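Observations on the three-dimensional arrangement
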Amino acid sequence: MSRPIRVPGDERRRGTPAATYRLQVHAGFPLQDAAEVAGYLADLGVTHAYSSPLLRSAEGSNHGYDTVDHAHVDEARGGQAGFDRFVAALHEHGLGLVLDLVPNHMGVDDPAAAPWWWDVLQHGQGSAHADAFDIDWDFGGGRVRIPVLGSADDVEKLEVVGRAGGADGDGELRYYGNRFPIAPGTGEGTPQEVHARQHYELVDWRRADSDLNYRRFFAINTLAGLRVEDPAVFDATHELVLRFVRDGAVDGLRIDHPDGLADPKGYLDRLAEASEGRWTVVEKILEPGEDLPATWATAGTTGYDALAEVDQLLVDPAGEPALTALDTELAGRQVDYAQLVHDCKREVTDGMLGSEVARLVRVIGELPGADRTQQTEALAELLASFPVYRSYLPDGREHLDGTVAAVRARRPDLAAALDALHPVLSQAGTEAATRFEQTSGPVMAKGVEDSAYYRWSRFVALNEVGGDPARFGSTVTEFHAAQQRRQQVRPESMTTLSTHDTKRSEDVRARLAVLAELPTEWAQLVRGWLTRHPLADRPLAHLVWQNLVGAWPLSRERAHAYAEKAAREAGTATTWTDPDEAFEAQLHALVDAAFDDPTTRSEIDAFVTRITPLGWSNSLTQKLLQLTMPGVPDVYQGTELWDFSLVDPDNRRPVDYALRRRLLAQLDGGEVPAVDETGAAKLLVVSRTLRARRDHPGWFAGYEPVEVTGSAADHLVAYDRGGVVAVGTRLPAALARTGWGDTALQLPNGAWEDLLTGTRVVSDIAGIAVDALLSRLPVALLVRA
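Residues numbered from 1 in each chain as written. Predicted model: local features only at pLDDT ≥ 70, side-chain atom pairs only at ≥ 80, totals over all residues. Heavy atoms only, no water.

A few words now on the side chain of Ser61. Within the element layout of this structure, Ser61 appears in the loop between β3 (55-57) and β4 (67-73). Looking at Ser61, the relative accessible area reads 10%, which means it is buried. A distance of 3.4 Å separates a polar side-chain atom of Ser61 from the backbone nitrogen of His63. Once you skip the residues sitting within four places of it in the chain, Ser61 turns out to touch Asp66 and Arg77. (Helix = DSSP H or I, 4+ residues; strand = E, 2+ residues; numbered from the N terminus. Buried < 20%, exposed > 50% of the residue type's maximum accessible area, 1.4 Å probe, protein only. Polar contact = N/O pair within 3.5 Å; in protein donor to acceptor, adjacent residues only side chain to side chain. Contact = heavy atoms within 4.5 Å.)

Below you can see the structure in the form of structure tokens.
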């Protein structure tokens, strides 16, 4: 083998990472604790830690995406001292830092904790920070509408704390625990009279769906949109982070939700110039077949597109008919997924994002040939029918044109309104076109990720961010084509399998993929469970059973929390704002039955015992593929061992790093683990592959499919990255019935060594026999011996 290339620390840190490790930093795992794992991360083989947002955020925030002050590191996360210690520890071990940055919005849940927002509420349009927020002052009569009251009558419950003309100004207006400023000189009179004089109006929370006049992140009232397209706002919100970049503390950036920005390209251009071209990726969800605009100054996405490519490869298309039949039986009809998506998105445009649609209508104004009602309906239909998250005019113009044509064909009654809207929405850079783009992304996210994914339960392994549940599996040939394109177009884009936002972890999806190979057996189990434990919403019950089996064994508390969240997100029988107690009691009884009913519990235990080794095989293959495919692989915290987590907050539980250190030390002592419940086999795959990427970057500079021959060729995927060959097993349930037989890997003649097990094999005229190569693990990482 060739000798490893050693790159000086500073140069390696500031270049493209070889691999990253995502850390969720919060009060329970502050920067001081993160510093303690730096040595472990270096031993694991990554070159960069990849941190969740670190700037001062809302009190109690466990994620950091609600920044309240861009000028300070969050004290609850360790503050500046903790940050300095973390960076010093990383540098001591030769590691760099990729930092998550949130430019689109700001946390405003507690105005007193957000100085800019407080100042805007106190001084209105005269505030020095009024231009920082995306507020429609005209619509609110010069006031910001804040949806916080339990009802309109609750204005009578307002209180003034402090006194007019006192040392603290005119005091504060309070509503229970909510604090709001009082404008200078307006503090005399009753609380209601004082409220009427303010630059804000406290309104019934139910009005958020229709009457707000500030842009939000999705439908979250406590996250107010920023106008980062304003150079002054950009400078103020990025000053500290860019200082960290200049000082060498931060080496790369992850940009949250670029689709919310008015001008993503302009933002990335400005950021690239200010950061001197540091490696930067964007949290952009690409629909299948969609590419990032070629002109964006970014290395690529955060990897949901790569996740979908890997997941699809491990799903057996032969399972589709039986699982579709089961879904049709449970739903009482065959689900039209495209129609479901449209309808879910219309619920969003007509409901939780109605304020954003109404603002778009106001911006566009009167158009010839269409009244306001037709115009609103046409806009809602365009948003509900848009095939991607958003366009970036002039990039993506074809999506707008195609959507207009599709809506016209489906809704001829809207032809006049569509004719009037089309040229307005096509003019790049105008407020109307920009706001349409900023709105289509949230409509897609809320309608698909947070609604349709919970309503269509045919096969939830595919209901993942960036995926397409309607596409049931892919071929090895298709996977190779996607990777060759990835190598050509975005070779430094991030790849991932799990994030803080995935609907279920990589190992849950890997286990659930086995159901596509055993669809008839699964359907029989589900029918029995539904008979014994009926639920009014049968598709939701199917979703819950799949997730319980995917994560089993799990605590009763985790199971109940997931089921309740899934039901409320689906919104078909109960909701967050109007819970149906009777339905939720039935739902929780179903969950309890999984633990308490002897027959059901024994069936779950037996089935999970059967499919778990097959899921492990899938897990190892998908991990090897993700770590070796073109791009920069990220390992989400803790997933170097088996991780059977469900949607947040389940996927943000504490990580046992002492256990991982101990297992890694045993592996480094020469142990080749069995594939068992310890997960040591996965840690072996992760550590050996990451070290190879770090020490031998030249091995990962190309991509060529490797030919596989023989009776079980369809069960193997293999490719040469330019010095190292990745080999993985797929569809293990069917393979268990046939074995590898004469299947062979066609590599150049000579001796090859598996970096995972140390096994040496020889390729001759017949190739390498796969049954011998994969006798210990279902994957291999080969180099010339």
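Next up on the list: the confidence of the model for the chain. With 98% of its residues at a pLDDT of 70 or more, the chain has an overall mean of 96. For residues 1-8, every residue scores under 50 in pLDDT, and the model assigns this stretch 14 contacts once sequence neighbours within four places are set aside. (pLDDT = per-residue confidence, 0-100.)

Our next topic: the sheet that holds strand β9 (residues 172-175). The three strands are arranged β8-β9-β10 in an open sheet whose pairing can be described as antiparallel. Only two strands of the sheet have a single neighbouring strand rather than two, namely β8 (159-161) and β10 (178-181). Direction aside, the axes of adjacent strands within the sheet are offset by 35° on average. Examined bridge by bridge, β8 and β9 share three bridges and lie antiparallel to one another. Its bridge partner lying in β9, Val161 is registered against Glu172. (Pairing = 2+ DSSP bridges. Axes fitted to C-alpha atoms, helices over the stretch in contact; angles between N-to-C directions.)

Per the stated rule, a full pass over the model turns up 21 aromatic pairs. Taking 4.7 Å as the distance between ring centres and 80° as the angle between the ring planes, the aromatic pair formed by Trp296 and Tyr392 counts as edge-to-face. Here the residue Trp296 occupies a position in the loop between β15 (279-282) and β16 (300-301), and Tyr392 occupies one in the loop between α13 (372-385) and α14 (397-410), the gap between them amounting to 96 residues. Of the two residues, Trp296 and Tyr392, neither departs from the other in class, the shared state being buried. Ring centres of Phe479 and Tyr719 lie 6.2 Å apart, and the angle between their planes is 40°; this geometry places the pair in the tilted category. Of this pair, Phe479 sits in helix α17 (residues 476-489) while Tyr719 sits in strand β21 (residues 716-720); the two residues are 240 residues apart in sequence, bridging distant segments of the chain. On the accessibility criterion, Tyr719 (0% relative accessible area) is buried. Linked through ring pairs, Tyr21, Phe29, Tyr40 and Tyr657 together constitute an aromatic cluster. Here the basic side chain of Arg270 rests over the ring of Phe234, its NZ or CZ set 5.5 Å away from the ring centre. (Phe/Tyr/Trp six-rings, centres within 6.5 Å; stacked < 30°, edge-to-face > 60°. Lys NZ or Arg CZ within 6 Å of the ring centre and 35° of its normal.)

Let us now look at the packing of helix α10 (residues 320-331) against helix α19 (residues 519-532). Interhelical geometry of α10 versus α19 gives an angle of 20° and a closest axis separation of 9 Å. Our classification of the angle between α10 and α19 gives roughly parallel. For the pair α10 and α19, the crossing hand works out as right-handed. Here Ala322, Leu323, Leu326, Glu329 and Leu330 of α10 come into contact with α19, specifically with Pro519, Trp522, Ala523, Val526, Arg527 and Leu530. (Parallel < 35°, antiparallel > 145°, perpendicular 65-115°, else oblique. Left-handed = near helix turned anticlockwise from the far one by under 90°.)

It is worth spelling out the environment of Glu437 at this point. Residue position: Glu437 is located in helix α16 (residues 431-455). According to the relative accessible area criterion, Glu437 is buried, its value standing at 5%. In this structure the C-alpha to C-alpha distance between Glu437 and Thr678, which are 241 residues apart in sequence, comes to 47 Å. Discounting residues that sit within four places of it in the chain, Glu437 has contacts with Asp259, Arg390, Ser391, Tyr392 and Leu393.

All right, on to the nonpolar core then. In this structure, Leu23, Phe83, Trp522 and Trp545 are the most contacted members of the largest nonpolar core, which totals 143 residues. If one sorts the elements of this core by residue count, helix α23 (residues 598-628) sits on top with 10 residues. Beyond its immediate stretch of four places on either side in the chain, Leu23 contacts Phe29, Ala34, Val37, Leu41, Ala49, Tyr50, Ser51, Ser52, Phe86, Gln637 and Tyr657. Formed by 32 residues, the second largest nonpolar core is a distinct cluster that contains Ala130, Trp137, Val144 and Ala208. (Core = buried A, V, L, I, M, F, W, Y, C linked by side-chain atoms within 4.5 Å.)

Spatially, eight strands are ordered β16-β15-β14-β5-β2-β1-β18-β17 in an open sheet, and the strand pairing comes out parallel. Across the chains shown, the open sheet's two edge strands, defined by having one partner strand only, are β16 and β17 (494-495). Contacts from α23 reach β17 and β18 (632-636), with the element oriented near 135° to β18.

So, on to the environment of Met352. Checked against the element boundaries, Met352 lands in the loop between α11 (337-350) and α12 (354-364). Under the relative-accessibility criterion, Met352 is labelled partly exposed at 32%. Through-space distance from the C-alpha of Met352 to that of Ala415 is 26 Å; in sequence the pair is 63 residues apart. Beyond its immediate chain neighbours, meaning those up to four positions away, Met352 contacts Ala208, Asp209, Arg216, Ala219, Glu347 and Lys446.

Turning our eyes to something else, we now look at the packing of α13 against α14. It is the contact of α13 with α14, at a shortest axis distance of 9 Å, that shows an interaxial angle of 120°. Handedness of the α13/α14 crossing: right-handed. Between α13 and α14, the residues in contact are Glu381, Leu382 and Ser385 and Thr403, Val404, Val407 and Arg410, respectively. Across the contact of α13 with α14, the residue classes break down as three nonpolar, two polar and two charged. (Nonpolar A, V, L, I, M, F, W, Y, C, P; charged D, E, K, R; others polar.)

Among the secondary structure elements, Thr302 is positioned in the loop between β16 and α9 (304-313). In this view, Thr302 contacts Tyr50, Arg254, Val281, Val282, Glu283, Met494 and Thr496; residues no more than four positions away in its chain are not counted.

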